[in-house]
Structures are given as C-alpha cells and as structure tokens.
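Coordinates in review
The residues making up each chain are set out below.
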Amino acid sequence: MHYFSPVDKMPLLEVITTDKTSKNAASVAVSAGLKQGKTVIVVKDGPGFYTTRVLGPMMAEQIRLLQEGMPPKDLDKMSKKFGFPVGLVTLADEVGLDVAAHITEFMGKKFGPRFGGADVNIVQEMVSQGMLGRKSGRGIYVYSGAKTKNRDINKDAEEILKKYRIEPKLGHAFEDVRMRLLSRLVNESIFCLQEEILSSPVEGDVGAVFGIGFPPFLGGPFRFVDSYGAQKLVDKIHKYREVYGEHFEAAPMLIDYAKQGKTFYSK
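Each value, and the rule that gives it
Residues numbered from 1 in each chain as written. Predicted model: local features only at pLDDT ≥ 70, side-chain atom pairs only at ≥ 80, totals over all residues. Heavy atoms only, no water. Helix = DSSP H or I, 4+ residues; strand = E, 2+ residues; numbered from the N terminus. Rg over C-alpha atoms; globule rule 2.2 N^0.38 Å. Buried < 20%, exposed > 50% of the residue type's maximum accessible area, 1.4 Å probe, protein only. Contact = heavy atoms within 4.5 Å. Areas by Shrake-Rupley, 256 points an atom, 1.4 Å probe, with all protein chains shown as cover. Lys, Arg positive; Asp, Glu negative; His and termini not counted. Charge placed at Lys NZ, Arg CZ, Asp CG, Glu CD. Pairing = 2+ DSSP bridges. Right-handed = clockwise from strand over helix to strand, strands pointing away. Axes fitted to C-alpha atoms, helices over the stretch in contact; angles between N-to-C directions. Parallel < 35°, antiparallel > 145°, perpendicular 65-115°, else oblique. Left-handed = near helix turned anticlockwise from the far one by under 90°.

Bringing the overall build of the chain into the picture now. Looking only at helices and strands, the chain has twelve helices and three strands in total. Computed over its C-alpha atoms, the radius of gyration of the chain comes to 18 Å, within 12% of the 18 Å expected for a compact globule of 267 residues. Taken over the C-alpha atoms alone, the chain extends approximately 50 × 45 × 35 Å along its principal axes. The burial tally for the chain puts 50% of its 267 residues in the buried class. For the chain, the proportion of contacts with a sequence separation of at least 24, taken over those separated by at least 6, is 72%. As displayed, the chain offers around 12600 Å² of accessible surface, 53% of which is attributable to carbon and sulfur atoms. A gap of 4 Å separates the mean positions of the 37 positive and 32 negative side-chain charges of the chain.

This part covers the pairing of strand β3 (residues 39-44). Regular strands place their side chains on alternate faces of the sheet. One ladder, built from six bridges, connects strand β2 (residues 12-17) with β3; its direction is parallel. Residue pairing in the sheet places Val15 in a bridge with Val42 of β3. Taken together, β2, helix α1 (residues 23-35) and β3 form a β-α-β motif whose crossover is right-handed.

Moving on, we come to helix α4 (residues 88-95). Turning to α4, its buried residues number three or more, namely Leu88, Val89, Thr90, Ala92 and Asp93. Residues of α4 that are buried in the fold lie against α2 (51-67), α3 (72-81), α5 (97-111) and α8 (174-194). Phi turns positive one or two residues past the end of α4, at Gly96, with a value near 110 degrees.

The next thing to look at is the side chain of Gln67. Topologically, Gln67 is positioned in helix α2. Taking the relative accessible area as the measure of exposure, Gln67 reaches 5% and is therefore buried.

Below, the discussion takes up the packing of α2 against α4. With their axes 10 Å apart at the nearest point, α2 and α4 run at an angle of 120 degrees to one another. Classified by the angle between their axes, α2 and α4 sit oblique to one another. The hand of the α2/α4 crossing is left-handed. Across from Leu55, Met58, Met59, Gln62 and Leu66 in α2, the residues of α4 making contact are Leu88, Val89, Leu91 and Ala92.

Right under this line is the structure:
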C-alpha cells in the first residue's frame with residue numbers, strides 16, 4: 001500500500017500487487033483504503049510503481065529547463081498556469097531533492113535514456129551540499145519559519161545551475177514548455193499501460209490527477225491523448241527527439257494508436 005505525503009491531505013492510495021498477490025489480499029487492501037477515505041487504484045509492482053515512475057521523466061525535463069536558464073519562479077508560474085496545483089519547482093522541493101536524485105539515478109539504470117535529459121550532477125551536487133528541499137530549509141528555494149508564497153531563490157542552487165548552464169534550443173514559449181513537460185509524463189504513462197503496470201487508462205488518469213496533481217481539467221494522461229490527438233503527440237515527441245535527443249522516445253503503444261486512429265476511451 002503506497003500512501004502519498006502528507007498522508008492526511010493527499011487523497012490517493014496505490015495498492016501494489018504482484019503475480020503472487022491473491023485477489024482476497026488485494027480486495028482487503030482496497031477496502032481498507034476506501035474506509036480511510038482514500039481514492040484507490042490497483043497497479044502492478046515495478047520500479048516506481050505508477051505515479052513515481054511517470055513523475056520521473058517530467059522532473060528530469062524541468063531540471064533541463066532550469067539548466068537552460070529558465071528562472072525557477074517563471075517555471076513555477078508557467079506550470080501552475082497550465083493546470084498543476086503546485087509549481088513544479090516547488091513540487092521538487094516538497095518531494096525532496098534527495099528523493100528526486102534517487103529516482104533519476106535508479107530509474108535511469110532501469111529504463112535508460114528515457115529518464116535522462118538533464119545533467120544528473122546538478123541535483124546530486126545540491127544534495128551533497130545539504131540542499132534537500134523544504135525539509136532541510138533550502139533546496140531550489142529558501143525556506144524560513146514563515147509561510148510565504150514569495151520565497152527567495154537559493155543563491156547556492158543558482159550557482160550550481162549556472163555551472164551546468166546550456167543554451168536553450170527552441171526557447172521557452174508557454175506551449176513549448178507545456179508540451180515538453182506533459183509529453184514526457186503522458187508518454188511514460190502509456191509505457192505503463194503497455195507493460196500492464198496499469199490495468200486500464202482509468203487507473204492511470206485517476207492516479208495522475210489525485211496522486212501527482214496532473215491538471216484535472218485535462219482529465220489525466222490518457223484523456224489528454226484522446227483530446228490532443230495521438231498522431232499529433234507522436235509528431236511532437238519525434239520533433240523534440242530531433243532537437244533534444246533520445247530521452248524523447250514515443251511509446252510503441254502510442255505510435256500504434258496514432259497509426260490506427262485509436263483512442264483510449266470510446267467516443
């Protein structure tokens with residue numbers, strides 16, 4: 001049973017099953033979660049389960065954007081503008097930069113370039129200097145005792161980002177930033193369905209919205225593909241692959257749906 005922090009505020013519970021998990025055991029876990037008032041999804045066991053796994057590539061892309069010189073506050077404002085309840089830089093600090101570094105390293109070993117894109121040394125260097133995020137008082141932002149929405153940028157984190165600075169290739173227009181981030185999360189969600197980590201698109205959409213704050217008005221990753229268009233998304237990922245590299249890799253299931261004109265939900 002995978003709860004989300006803070007447990008009293010986050011509504012999702014992931015019940016993780018293996019081939020040896022009995023239906024009765026899974027049912028008991030789901031019932032317990034429902035009695036606790038949680039929204040429950042059942043997913044197969046695997047690295048990162050579902051929610052942590054799909055968050056990984058998007059977090060790598062946001063570090064890449066910071067590496068390109070995009071100001072953290074601009075990225076936070078932009079990600080909130082396209083529907084995330086918390087800015088993605090703030091989210092990284094909330095999750096913990098040490099956790100983000102572990103996810104990136106572990107998932108990179110398991111899944112290869114698809115979890116790359118940013119220089120892994122950036123977050124690792126921040127962590128080595130005690131910048132773990134909110135829990136240590138400083139991450140990309142500085143956290144004092146007072147609660148405020150206008151936090152200062154951590155100057156030491158800024159210096160590390162400058163050290164690994166690269167030039168942006170397409171600029172940071174709103175729609176381009178939105179699609180670079182969303183496409184990586186959505187694409188990994190489709191890999192999870194393809195590999196049967198998810199039993200259905202519904203589980204993936206519910207998990208993304210209630211577990212990691214995927215923009216609710218988009219309906220979840222699979223609803224997003226149906227509204228945006230599978231072929232259009234494949235074309236976008238292929239374009240980014242040409243510009244940014246192999247960490248943009250369209251899932252075979254997405255390519256298949258694009259070719260056949262299929263949707264994840266009945267129209």
